[in-house]
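In case you want the letters, here they are:
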Protein chains: 2
Amino acid sequence: MKTRIISAICMLPLLILLYLGGYFLAALCIAIGFIGMREFFNGFRHMGINPSDRVGYVMLFILYFINGLWPTHHGLILAWIVAVIMVCSLLMFDSKKHTPMDAMATMVGLIYIVFFSFHVVLIDETGGYSDMKWLVIIAAFGSDIFAYFTGKLLGKHKLCPNLSPHKTIEGLIGGLLGGGICSLLFGFLICPAYIGSCAVIGFFGAGISVLGDLTASAYKRKMGIKDYGNLIPGHGGIMDRFDSVLFTAPFVYYYTAIVMEHFQIIF
Amino acid sequence: MKTRIISAICMLPLLILLYLGGYFLAALCIAIGFIGMREFFNGFRHMGINPSDRVGYVMLFILYFINGLWPTHHGLILAWIVAVIMVCSLLMFDSKKHTPMDAMATMVGLIYIVFFSFHVVLIDETGGYSDMKWLVIIAAFGSDIFAYFTGKLLGKHKLCPNLSPHKTIEGLIGGLLGGGICSLLFGFLICPAYIGSCAVIGFFGAGISVLGDLTASAYKRKMGIKDYGNLIPGHGGIMDRFDSVLFTAPFVYYYTAIVMEHFQIIF
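Now for a quick tour of the structure.

Each value, and the rule that gives it
- Residues numbered from 1 in each chain as written.
- Chains lettered and ligands numbered in written order.
- Predicted model: local features only at pLDDT ≥ 70, side-chain atom pairs only at ≥ 80, totals over all residues.
- Heavy atoms only, no water.
- Helix = DSSP H or I, 4+ residues; strand = E, 2+ residues; numbered from the N terminus.
- Buried < 20%, exposed > 50% of the residue type's maximum accessible area, 1.4 Å probe, protein only.
- Lys, Arg positive; Asp, Glu negative; His and termini not counted.
- Salt bridge = Lys/Arg side-chain N within 4 Å of Asp/Glu carboxyl O.
- Contact = heavy atoms within 4.5 Å.
- Buried area = accessible area lost by both parts, 1.4 Å probe.
- Polar contact = N/O pair within 3.5 Å; in protein donor to acceptor, adjacent residues only side chain to side chain.
- Nonpolar A, V, L, I, M, F, W, Y, C, P; charged D, E, K, R; others polar.
- Phe/Tyr/Trp six-rings, centres within 6.5 Å; stacked < 30°, edge-to-face > 60°.
- Least-squares fit on C-alpha atoms with pLDDT ≥ 70 in both.
- Expected span 1.5 Å × (residues − 1).
- Patch = residues over 30% accessible without salt bridge, like charges linked within 9 Å, V, L, I, M, F, W, Y side chains within 5 Å.
- Areas by Shrake-Rupley, 256 points an atom, 1.4 Å probe, with all protein chains shown as cover.
- Axes fitted to C-alpha atoms, helices over the stretch in contact; angles between N-to-C directions.
- Parallel < 35°, antiparallel > 145°, perpendicular 65-115°, else oblique.
- Left-handed = near helix turned anticlockwise from the far one by under 90°.

**As for the side chain of glutamate 170 of chain B**
Residue and element names in this part refer to chain B.
Step number 1: With respect to the helices and strands, the residue glutamate 170 is situated in helix α8 (residues 169-190).
Step number 2: The side chain of glutamate 170 is buried and forms no salt bridge, while lysine 156, the nearest opposite charge, is found at 7.0 Å.
Step number 3: Excluding anything up to four places from it in sequence, glutamate 170 contacts Thr150, Leu154, Gly155, Lys156 and His157.

Rendered as structure tokens:
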């Protein structure tokens, strides 16, 4: 527990990068995508599946490169996803070295980790709503902390015992409320003009962060590993700490870009 | 050979749907996506991998539904891709029924088959350039036919013997030139204002169609099946006939939407 808290404090400077935004935030997301993908691919190697690190790095670089030149160009990002599928498919042509499983693991690693974490940059680029980037971590970590204490105090009914034995339904409810309350508080202090939207994002984002957590656990379980890495003492790898953020980031982005910006549903 | 030709003639009416565009073309793409995905998933079952048909059908429906309401909304399509990854990840939570492999196969099937074939609809919706949809099949089938005869006449050096034993480098060159020439002819007759762009799309589209063909073969090989189905006598399944189209469709779309429409590079 002590190591966990010290590690958590050591990660606080990352918040400065989130605050600065722009290239600083992009650098942080590149690092998380890079290390997370590496950990994920190494996990697959425990199952005898051999994704291509090289293809992963090149495609990660291309995503941030095109976004640097033409920020938030959705058409180019779609083209990048198509390119990921095509380039990873090329791996299979060397059928002695790579199986379709290797190609598929490379595709999924790129989309699930690199593309998902990239959404924090996209939120930062949404002009008027770039503050919503804070909700990505408020929803994820707010839910995490509230779920932990609610579960500890009231937890009785297991949520998903075969994937995450300590999670309870009571904890989940506490997490949802915690995500909503923390985000409401954030809205009250930072953006009172859309405080209601913040609360909605926080509540549903908290639920989605739990799915992110369980997804990373499900992969880990099948890979036969306990942690994705040992980069952060007491927490495990980048993927162990940021698994929930990976899912909340796209949720917050599309809520902001589609519901709030495109359809102008703001409250 | 006779069955092949009769079958090919029976498929000509599909060209009417391509010509009509709009809902007719969407219906055709839904059918190809639906049957193709089914065949692909059944192939995986030969490897002991069990993708979820139900998730596949629901996500296919959602893609065409949102595109019906808000055509070519790239942000919504990106959100759909994120939703595909998240919803397929939920499958793993029932760890007795589904493994991460099942979830990944469902994701890849949806993106590679449903999303890729959907690009024909997107081209149809590009207002001024909707005629480019013809290049999807001209590049793919033009290259196919030219490659076949060039290979037959001049073929000496094997291209990729472990995946597709009959393909030769001479055939590939014939296919590239054939795709380019057919598309040039199409541009001359239909859209002389951008005849050069047509030839470029045809040439590179022909190359990409070969990658599409080899990709489908690589999956098949690992699945241990000869054909994806027997829907089209002499050709196999939908996936055996449309494997090359799956790759040319997104290429033609992004070339049209990004190079021609966004950057205005037209010649």
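Next comes the rest of the description.
**Details of the interface of chain A and chain B**
Step number 1: Each partner contributes residues to the interface: chain A has 48 residues there, and chain B has 48 residues.
Step number 2: Taking both partners together, chain A and chain B bury about 4,200 Å²; carbon and sulfur atoms supply 85% of that area.
Step number 3: Across the chain A-chain B interface, the total number found is zero salt bridges.
Step number 4: Between chain A and chain B we count three residue pairs in polar contact (both at pLDDT 80 or more) in total.
Step number 5: Elements represented by at least two residues in the side of chain A that touches chain B include exactly α5 (74-91), α6 (100-124), α9 (195-223) and α10 (238-262) of chain A.
Step number 6: At 12 residues, α5 of chain A tops the list of elements feeding residues into the side of chain A that touches chain B.
Step number 7: When grouped by side-chain class, the residues that make up the side of chain A that touches chain B number 37 nonpolar, 10 polar and one charged.

**Remarks on the packing of aromatic side chains**
Step number 1: All told, the structure shown has 38 aromatic pairs over all chains when counted by the stated rule.
Step number 2: Put simply, the rings of Phe40, Phe44, Trp80, Tyr112, Phe115, Phe116, Tyr219 and Phe247 of chain A touch in pairs and so form one group of aromatic residues.

**Details of the relation of the copies chain A and chain B**
Step number 1: Once turned by 180° and shifted 0.0 Å along the axis, chain A lies on chain B with an RMSD of 0.0 Å. The relationship between the two copies is best expressed as a two-fold rotation axis. Identified as the residue of chain A closest to the rotation axis by C-alpha distance is histidine 74 of chain A, at 2.8 Å.
Step number 2: The share of interface residues of chain A whose copies in chain B are also at the interface is 100%, consistent with both copies meeting through the same surface.

**So, helix α7 (residues 133-154) of chain A**
Step number 1: Here α7 of chain A spans 31 Å end to end across 22 residues, near enough to the 32 Å set by a 1.5 Å rise per residue.
Step number 2: Along α7 of chain A, the residues that are buried comprise Lys133, Trp134, Leu135, Val136, Ile137, Ala139, Ala140, Gly142, Ser143, Thr150 and Gly151 of chain A.

**Topic: a nonpolar patch on the surface**
Residues and elements named next belong to chain A.
Step number 1: On the surface, Ile145, Phe146, Tyr148, Phe149, Ile169, Ile173, Leu177, Ile181, Phe203 and Phe204 cluster together to form a nonpolar patch covering roughly 950 Å² of accessible area.
Step number 2: Within the residue set of the nonpolar patch, elements represented by two or more residues are α7, α8 (169-190) and α9.
Step number 3: Considering the arrangement of structural elements, one finds phenylalanine 204 in helix α9.
Step number 4: Look at phenylalanine 204 and you get partly exposed, because its relative accessible area is 48%.

**Here we look at helix α7 (residues 133-154) of chain B**
The periodicity of an α-helix, 3.6 residues per turn, causes residues three or four places apart in sequence to face the same way.
Step number 1: Among all positions in α7 of chain B, only Lys133, Trp134, Leu135, Val136, Ile137, Ile138, Ala139, Ala140, Gly142, Ser143, Thr150 and Gly151 of chain B are buried.
Step number 2: Elements in contact with the buried residues of α7 of chain B: α2 (13-20), α3 (22-45), α6 (100-124), α8, α9 (195-223) and α10 (238-262) of chain B.

**Describing the environment of aspartate 144 of chain A**
Step number 1: One can find aspartate 144 of chain A in helix α7.
Step number 2: Aspartate 144 of chain A gets classed as partly exposed once you look at its relative accessible area, which sits at 28%.

**With respect to the side chain of serine 143 of chain B**
Residue and element names in this part refer to chain B.
Step number 1: Mapped onto the secondary structure, serine 143 falls in helix α7.
Step number 2: Under the relative-accessibility criterion, serine 143 is labelled buried at 2%.
Step number 3: Every residue in contact with serine 143, bar those within four places of it in the chain, is listed here: Ile138, Gly175, Gly179, Ala206, Ser209 and Val210.

**Some thoughts on the packing of α5 of chain A against α6 of chain A**
Residue and element names in this part refer to chain A.
Step number 1: The geometry of α5 relative to α6 is characterised by a closest axis approach of 9 Å and an angle of 155° between their N-to-C directions. The orientation of α5 with respect to α6, classified from their angle, is roughly antiparallel. Our pair here, α5 against α6, has a crossing hand that is right-handed. Between α5 and α6, the residues in contact are Ile77, Trp80, Ile81, Val84, Ile85, Cys88, Ser89 and Leu91 and Ala103, Thr106, Met107, Leu110, Ile111, Val114, Phe115, Phe118 and Leu122, respectively.
Step number 2: Tallied by class, residues from the contact of α5 with α6 come to 15 nonpolar, two polar and no charged.

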